[in-house]
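What follows is each chain in one-letter form.
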Amino acid sequence: MISTIGLILSWICLLNLLILFFSNNKFRINLMVRFNLLINFLLFCLLEIGLFINDFSLNYIANYSATTTPPVYKFASLWGSLDGSILLWNLILACYFLVYLRYYKKSGENIDIKIFTSIIIFFTSYTIFSSSPFSGCIELSSIGCESSSLLPFQDLVSSSQGRGPNPLLQNHPLMAIHPPILYLGYIGLVLPFVITTSYLFQKDTDSRWVQLAADSTFYPWLFLTAGIALGAAWSYEVLGWGGYWAWDPVENVSFIPWLLATAFLHSSKAQLNESTLLNWNYVLGGLMFLSTIFGTFITRSGVLISVHAFSNGNIGVFLLSGLAIFTLFFVYTGSKNIEYFSTSKKLGNLFGKSGFFIANNILLFVSALIIFIGTVYPIFYENFYNRQLTIGRSFFDILIGPLLLILLLMMIFSIRLSKKNINFNEWFQQNLLSLNISLIISIIITYTYRFEYLGILTVFGAMSLLIAGVKNLIPKIKQKRIKGSYWAGQLAHIGIAVFSLGLILNVTQSYSSEFIVNENSIVEFGGKTYTIDKAYEVSREEKDIINLPISSNRNIKNASLNIFKNSSQQAISSPAIFRTVEYDTYVTIKFIDSNNFKLIFRKNYGILIMWIGLALSTTSFIPKVKQNEK
């Protein structure tokens, strides 16, 4: 029943979109955009109902859920694999379509509606013609479903038990939060793409297009920031390897649109202030969205091995076809506006506000380009030479690290930048006290942690930015005048300063040791004593958990091995984390041999400081909200 209803609703959704594409009546457009959202919401609810009632006649539920799956992970199973995640993608697209219609549609023409509708038709068509979460099971496998049908009214078969989600996706509640927030950022970048291409397709060169595009980019950028941060926390808490970022391909393709969106938020100001960078802003307005299609291809096609990736059927060919179509349309629209782009004024003040924005863009774009090359090069290498190549984190650290350090140092000058060239002598005089305080703190920190020159520069830059930003904010907070994009930027910069301090501590100070222990052993690590208590086992419906209590100063944490009953994968290690502001002591079980445990103790510096910095950056939405208050 659920399969048939879902497939029929999907066809109704496509039919509604096709009618919407050819409609020009304002009332009808508003009605059908809302109807599209309603259908996608019903499809979402329908699949969730199927998950909770264990309807294993659906191929998706039989293969990615189980009767033993806990409720929170059962709910999150909807986006636990390809078919369901595309359903969530379509729902968020439908939400953004209504947001666009209500807040960003300014043109009387409907080319923007046709562009937006085309994008939604593209993804909806995939769920109908290739891979739907409502496909019915017509042949069982030993556990789950072997083959399925995309036609309604089929005689379906149902297994008694499903395979369950990937164990990594049911081992921490962040699984229920991280992907939807990241999707809100990813998919939201459709807004500046539609605004940019629709205005310039009509050769409407009013400066409103870049203002609207920038306004529509901010909140997706915010969601991307939060999604990446939550993904780092998920990696740190779930994978048991002690890290939060590994330059994994899927991490990279979420970072690329974030870098491009950050660049656009800055370069759009240069166009509004001095009518420069017209062509560059058009390029960024398109690349942000196109990079999300590319990122989805990397994540979903299976062309690269990643802990995040999953593939199914012909999604790779489908996404590449869509990427080619949208790119050709983007290039064609740009070619129609060569004369408009040629009116872009030359930069007048190299060391003024726009000059700093251009330098910011160069650094961010080059960083995105390096990450792109490092991510896709192994694909070409494997195709040409028929053997795999892995580009490790040293490649990215060596090339990206210095660029981001220069960017951090440039941010120091972002406080109260004027359009004219900055008078460096005057600037130093005005900020002498802040710089001296930063220098003193940097010397103390450097002496304490024995930093090398890159660490010293990072600490000095972060402290200078932090002190200058706080000094700039405090008077305005007292006057309750913190609103607008400028103050949103200042809060984001303060968060980046705090994050940078935590990052440099983590990169330069963290270390680890391995110990083979048994019950009641005592471990000396990092100047503290840890007692290994007696292990005990907890059995749940979906998994068995071997808990190893570890205590220090009456603080007891469990390092665990999680063995999922419906999975052939090896046990997943969950760490015991003893947390302080300065560092985490992170303990994982590497393996168990008879009565012995091999434990890895890590001292991870700066972790909490990094989370605080990322949290501060996400508060940058507050001034924007206040700006929009009536």
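Analysis parameters
Residues numbered from 1 in each chain as written. Predicted model: local features only at pLDDT ≥ 70, side-chain atom pairs only at ≥ 80, totals over all residues. Heavy atoms only, no water. Domains from an automatic or database assignment. Contact = heavy atoms within 4.5 Å. Buried area = accessible area lost by both parts, 1.4 Å probe. Salt bridge = Lys/Arg side-chain N within 4 Å of Asp/Glu carboxyl O. Polar contact = N/O pair within 3.5 Å; in protein donor to acceptor, adjacent residues only side chain to side chain. Helix = DSSP H or I, 4+ residues; strand = E, 2+ residues; numbered from the N terminus. Nonpolar A, V, L, I, M, F, W, Y, C, P; charged D, E, K, R; others polar. Patch = residues over 30% accessible without salt bridge, like charges linked within 9 Å, V, L, I, M, F, W, Y side chains within 5 Å. Areas by Shrake-Rupley, 256 points an atom, 1.4 Å probe, with all protein chains shown as cover. Buried < 20%, exposed > 50% of the residue type's maximum accessible area, 1.4 Å probe, protein only. Disulfide = S-S within 2.5 Å. Pairing = 2+ DSSP bridges. Axes fitted to C-alpha atoms, helices over the stretch in contact; angles between N-to-C directions. Core = buried A, V, L, I, M, F, W, Y, C linked by side-chain atoms within 4.5 Å.

**Student:** Quick question: what am I supposed to make of the domain arrangement of the protein here?
**Tutor:** In many reports, interface size means the accessible area that the parts give up when they come together. Domains assigned within the protein are domain 1 (1-166), domain 2 (172-422) and domain 3 (511-608). On a C-alpha basis, the centres of domain 1 and domain 2 stand 27 Å from each other. Facing the 29 residues of domain 1 at the interface are 41 residues of domain 2. Between domain 1 and domain 2, the buried area comes to about 3300 Å², and carbon and sulfur atoms account for 80% of it. It is Trp89, Tyr96 and Tyr104 in domain 1 that bury the most area against domain 2; as a group they hold 21% of the surface buried on that side. Run the count over domain 1 and domain 2 and you get zero salt bridges. At the junction of domain 1 with domain 2, the criterion picks out two residue pairs in polar contact (both at pLDDT 80 or more). Elements represented by at least two residues in the side of domain 1 that touches domain 2 include exactly helix H4 (71-76), helix H5 (82-104) and helix H6 (111-129). With ten residues, the top contributor of residues to the side of domain 1 that touches domain 2 is H5. Looking at the side of domain 1 that touches domain 2 residue by residue, the class counts come to 19 nonpolar, six polar and four charged.

**Student:** Please clarify how a nonpolar patch on the surface should be interpreted in this entry.
**Tutor:** A cluster of nonpolar side chains, contributed by Ile8, Ile12, Phe35, Leu38, Phe41, Leu42 and Phe153, occupies part of the molecular surface with about 640 Å² of accessible area. As for its placement among the helices and strands, Leu38 is situated in helix H2 (residues 26-52). A residue is classified by how much of its surface remains accessible, and Leu38, at 43% relative accessible area, is partly exposed.

**Student:** Teacher, can you tell me more about the state of the cysteines here?
**Tutor:** Put plainly, two cysteines are in a disulfide when a covalent bond ties their sulfur atoms together. Under the counting rule described, the total for this entry stands at one disulfide. The disulfide bridge from Cys137 ends at Cys145, spanning 2.3 Å between sulfur atoms. Because the sign of the S-S torsion sets the handedness, a value of about 105 degrees for the bond joining Cys137 and Cys145 places this disulfide among the right-handed ones. Here Cys137 and Cys145 have matching classes, each one buried. Not part of a disulfide, Cys13 finds its nearest cysteine sulfur in Cys95, a span of 12 Å. Owing to a relative accessible area of 1%, Cys13 belongs among the buried residues under this scheme.

**Student:** Quick question: what am I supposed to make of the sheet that holds strand E11 (residues 583-593) here?
**Tutor:** Whether parallel or antiparallel, the strands of a sheet pair through hydrogen bonds between backbone atoms. The antiparallel open sheet is built from four strands, whose spatial order is E3-E12-E11-E10. The open sheet terminates on both sides in strands that have one partner only, identified here as strand E3 (511-517) and strand E10 (576-579). Pairs of neighbouring strands in the sheet enclose a mean axial angle of 20 degrees, with direction left out of account. With seven bridges connecting them, E3 and strand E12 (residues 596-605) associate as antiparallel partners.

**Student:** Even after reading the chapter, I still don't get the environment of Asn281, so can you show me in this structure?
**Tutor:** Mapped onto the secondary structure, Asn281 falls in helix H11 (residues 278-301). On the accessibility criterion, Asn281 (0% relative accessible area) is buried. Leaving out residues up to four positions away in the same chain, Asn281 has contacts with Trp209, Val210, Phe264, Ser267, Ser268, Gln271 and Thr276. Separated by 3.4 Å, the side chain of Asn281 and the backbone nitrogen of Ser268 make a polar contact.

**Student:** Quick question: what am I supposed to make of the nonpolar core here?
**Tutor:** The nonpolar side chains of a soluble globular protein tend to be buried with one another. Core analysis: the largest hydrophobic core is formed by 166 residues, its most contacted members being Leu93, Phe116, Ile119 and Phe134. Counting residues per element, this core draws most heavily on helix H9 (residues 208-238), which supplies 16 residues. If near-sequence neighbours (up to four positions away) are discounted, Phe134 is found in contact with Ile2, Ser3, Gly6, Leu7, Leu43, Leu46, Leu47, Leu58 and Leu87. In this structure, Val523, Ile546, Phe578 and Phe597 belong to the second largest nonpolar core, which totals 18 residues.

**Student:** Would you take a moment to explain the pattern of salt bridges for this structure?
**Tutor:** Using the criterion set out here, one finds six salt bridges in the structure. Asp112 is paired through a salt bridge with Lys105; the nearest N and O atoms lie 3.1 Å apart. Assessed through its relative accessible area of 2%, Asp112 is described here as buried. Between Glu514 and Lys598 there is a salt bridge; the shortest N-O distance is 3.1 Å. With Glu514 in strand E3 and Lys598 in strand E12, the pair connects residues that are 84 residues apart, well separated along the chain. Using a relative accessible area of 45% as the deciding quantity, one classes Glu514 as partly exposed. Linked by salt bridges that have partners in common, Glu237, Arg579 and Asp584 make up one network.

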